[in-house]
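# Architecture and fold: a report
One letter stands for each residue in the lines below.
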Amino acid sequence: MQNKTSNYGLEDIDLLLTDANIASMDSSIDAPYGIIENAALAIKNGKIAWLGKQSDLPSFDVFATPTLSIKGQWLTPGLIDCHTHLVFAGSRAEEFEQRLQGVSYEQIAAQGGGIASTVAATRAAEREQLFVDGKDRLNTLLAEGVTTVEIKSGYGLDVKSELKILEVARLLGEHHPIDIKTTFLGAHALPAEYKGRADEYINLVCTDMLEQVVANNLADAVDVFCENVGFSYQQTKQVFEAAKKHNLPIKCHAEQLSNQRGAQLVAEFKGLSADHIEYLDEDGVKAMAQAGTAAVLLPGAYYFLRETQLPPIELLQKYKVPIAIASDFNPGTSPLCSLQLMMNMACTLFRLTPEQALAGVTRNAALALGLNDRGVLKVGARADIAHWQIGHPSQLSYQFGVNKLLNLWILGRIN
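Under an unreviewed UniProt entry, the name given to the protein is Imidazolonepropionase, and the source organism is Pseudoalteromonas espejiana. The heading Function (unreviewed entry) in the UniProt record of the protein holds the text "Catalyzes the hydrolytic cleavage of the carbon-nitrogen bond in imidazolone-5-propanoate to yield N-formimidoyl-L-glutamate. It is the third step in the universal histidine degradation pathway." If you open the UniProt record of the protein and go to Catalytic activity (unreviewed entry), you find "4-imidazolone-5-propanoate + H2O = N-formimidoyl-L-glutamate".

Following this line, the structure appears as structure tokens:
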């Protein structure tokens, strides 16, 4: 393997990590996990300036160069949670208990529960409380080695509340080490006040909502829940067309409960990702492969809802669709704020390998967010680096509940 170098010498760097084993996740390196053993890595101005075999290190001033020995332990890219609904208020724990006692979702919804209860709580919540709760959740992810998180709106479902969620998400990005990407999901569910008027609500999403989101620079992408209990193919297309006019990339909650051809639609728009996709068929997979659209698997929701329809893993692999993994953290269907748990579930429930699971929360998760500056350890990438006390990268998917994270750098700064 050839070492990778930059244009400046080691005397200019901010930190040199030595005596490391590196799981770079760089697919150009012909080794599982993109492994480089007995390696070193240099950081400069928040980016990776050099990495390779330690024996290939250029000469440097040992007294002038800040150096940290990794002592034979492992470095990976910082983890990326590319699908969350992290800003919300309220809890659905009582509904969870009711369902286990045999109460149907329809009965719970008729009592004002389900997503309506989260919408009501989120609409009523002050920004300060949403910020504090969001920060606590981000701290949990940070402690697991997560360096980038996507946050969707979708629990406001009116102009004022959708803007509030996205404003809080942006504020979290300004005041938390984790890098935050925001997604406008006004078309998440039909609010009660629009019952029987879904087309009218979609018109609101495409006009007043989206226009104010864009005017205030609150979203990096637009998402829609395309489903028989969400919004139709045609309504989803209407939102995508509106997003395209504003040059916003699109994503889609697709094929979670049935095949509504949402994945094919998002591929038609050259979208970033189709998420959930348990009912995705071969035509949809082909369309995603041709468009370069990533598949985002959400094993937490699959587990929590006790689903039985598996995503088409073999088809995704056959057509070489990048597979990302995310927490889908939300109060109703995946109240599981742990990306490491999702890695384990992706292996145990979906039969991904540990290498595929790690790629799903690094390299492919970056693709699902349209980010080409992270998710791998290579020269020029962001210095988002996790340092683990493990014997092999497979241990990150194999074991859960014993956190082996030792250090975490985001843009070259330790957290």
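Next comes the rest of the write-up.
### Brief notes about the nonpolar core
Formed by 98 residues in total, the largest nonpolar core has its most connected members in F184 and L316. With eight residues, helix 6 (residues 198–215) is the single largest residue contributor to this core. Once residues within four sequence positions are removed from consideration, F184 is found in contact with S153, E162, L166, V205, M209, L210, V213, A219, A221, V222 and D223. The next biggest cluster of nonpolar side chains, apart from the first, holds 17 residues, and it includes A39, L41, I48 and I70.

### With respect to the UniProt feature "binding site: 4-imidazolone-5-propanoate" (unreviewed entry) in the protein
UniProt's feature table lists "binding site: 4-imidazolone-5-propanoate" (unreviewed entry) at R92, Y155, H188, Q256 and T333, given in the numbering used throughout. Relative to the elements of secondary structure, R92 occurs in the loop between strand 6 (79–81) and helix 1 (93–100). With a relative accessible area of 9%, R92 lands in the buried category. Once residues lying within four places of it in the same chain are set aside, the contact partners of R92 are G114, I115, S117, T118, P331 and G332. Take Q256: its relative accessible area is 9%, and that puts it in the buried class. When residues no more than four places from it in sequence are discounted, the contact partners of Q256 are F225, E227, H276, I277, E278, Y279 and L305.

### Digging into helix 4 (residues 127–142)
Its 16 residues place the ends of helix 4 22 Å apart at the C-alpha level, agreeing with the 22 Å of an ideal helix rising 1.5 Å per residue. Every buried residue belonging to helix 4 is among L130, F131, G134, R137, L138, L141 and L142, and all of these are buried. Down the axis of helix 4, the sector holding all buried residues measures 145°, keeping them to one side.

### With respect to the packing of helix 5 (residues 159–175) against helix 6
Contact geometry for helix 5 and helix 6: axes closest at 10 Å, N-to-C directions at 40°. In terms of axis orientation, helix 5 runs oblique to helix 6. Every pair of crossing elements has a handedness; the one defined by helix 5 and helix 6 is right-handed. Facing helix 5, whose interface residues are V159, E162, L163 and L166, helix 6 presents L204, D208, M209, Q212 and V213. Per-class residue counts for the contact of helix 5 with helix 6 are six nonpolar, one polar and two charged.

### Quick notes on the sheet that holds strand 8 (residues 179–187)
Strand order in the open sheet made by the eight strands is 6-7-8-9-10-11-12-13, with parallel pairing throughout. For this open sheet the edge positions go to strand 6 and strand 13 (323–325), each flanked by a neighbour on one side alone. Taken pair by pair, the neighbouring strands of this sheet meet at an average axis angle of 25°, ignoring direction. Relative to strand 8, strand 7 (residues 146–152) runs parallel, the two sharing five bridges. Residue E150 lies in a different strand from strand 8, and its bridge partner there is K181. Across the sheet, helix 5 is in contact with strand 7 and strand 8; its angle to strand 8 comes to roughly 175°.

### Describing the environment of A192
Residue placement: A192 occurs in the loop between strand 8 and helix 6. A192 sits in the exposed class, given a relative accessible area of 67%. Residues A192 and V119 lie 73 residues apart in sequence; the distance between their C-alpha atoms is 9.8 Å.

### Section: the packing of helix 4 against helix 5
The N-to-C vectors of helix 4 and helix 5 enclose an angle of 50°; their axes lie 10 Å apart at closest approach. With respect to helix 5, the axis of helix 4 lies oblique. In the packing of helix 4 onto helix 5, the handedness of the crossing is right-handed. Two secondary-structure elements touch here, helix 4 through R127, L130, F131, G134, K135 and L138 and helix 5 through K164, E167, V168, L171, L172 and H175.

### A short note on helix 6
Spacing of three or four residues puts side chains on the same side of an α-helix, whose turn is 3.6 residues. The end-to-end C-alpha distance of helix 6 is 25 Å, a good match for the 26 Å that 18 residues give at a rise of 1.5 Å each. Remark: the principal bend of helix 6, roughly 35°, maps to V205. Within helix 6 the residues assigned to the buried category are Y201, I202, L204, V205, C206, M209, L210 and V213. In this structure, the buried side of helix 6 is in contact with helix 5, strand 8, strand 9 (221–226) and helix 7 (233–245). N217, located one to two residues past helix 6, shows a positive phi value of around 50°.

### What about the packing of aromatic side chains?
Following the criterion strictly, the structure yields seven aromatic pairs and no others. For the ring pair F240 and F269, a centre distance of 5.5 Å and an interplane angle of 65° mean the geometry is edge-to-face. In this pair, F240 is assigned in helix 7 and F269 in the loop between helix 8 (262–268) and strand 11 (273–276), connecting sequence segments 29 residues apart. Residues Y302 and F350 carry aromatic rings whose centres are separated by 5.1 Å and whose planes lie at 75° to one another, so their mutual orientation is edge-to-face. Placement of the pair is Y302 in helix 10 (residues 299–304) and F350 in the loop between helix 12 (339–348) and helix 13 (354–360), with a sequence separation of 48 residues. Overall, the relative accessible area of 8% leaves Y302 in the buried class.

Criteria and thresholds
Residues numbered from 1 in each chain as written. Predicted model: local features only at pLDDT ≥ 70, side-chain atom pairs only at ≥ 80, totals over all residues. Heavy atoms only, no water. UniProt positions renumbered as here; feature names shortened; annotations may be inferred. Core = buried A, V, L, I, M, F, W, Y, C linked by side-chain atoms within 4.5 Å. Buried < 20%, exposed > 50% of the residue type's maximum accessible area, 1.4 Å probe, protein only. Helix = DSSP H or I, 4+ residues; strand = E, 2+ residues; numbered from the N terminus. Contact = heavy atoms within 4.5 Å. Expected span 1.5 Å × (residues − 1). Arc of directions from axis to C-beta. Axes fitted to C-alpha atoms, helices over the stretch in contact; angles between N-to-C directions. Parallel < 35°, antiparallel > 145°, perpendicular 65-115°, else oblique. Left-handed = near helix turned anticlockwise from the far one by under 90°. Nonpolar A, V, L, I, M, F, W, Y, C, P; charged D, E, K, R; others polar. Pairing = 2+ DSSP bridges. Bend = angle between axes of the 7 residues up to and from the residue. Phe/Tyr/Trp six-rings, centres within 6.5 Å; stacked < 30°, edge-to-face > 60°.

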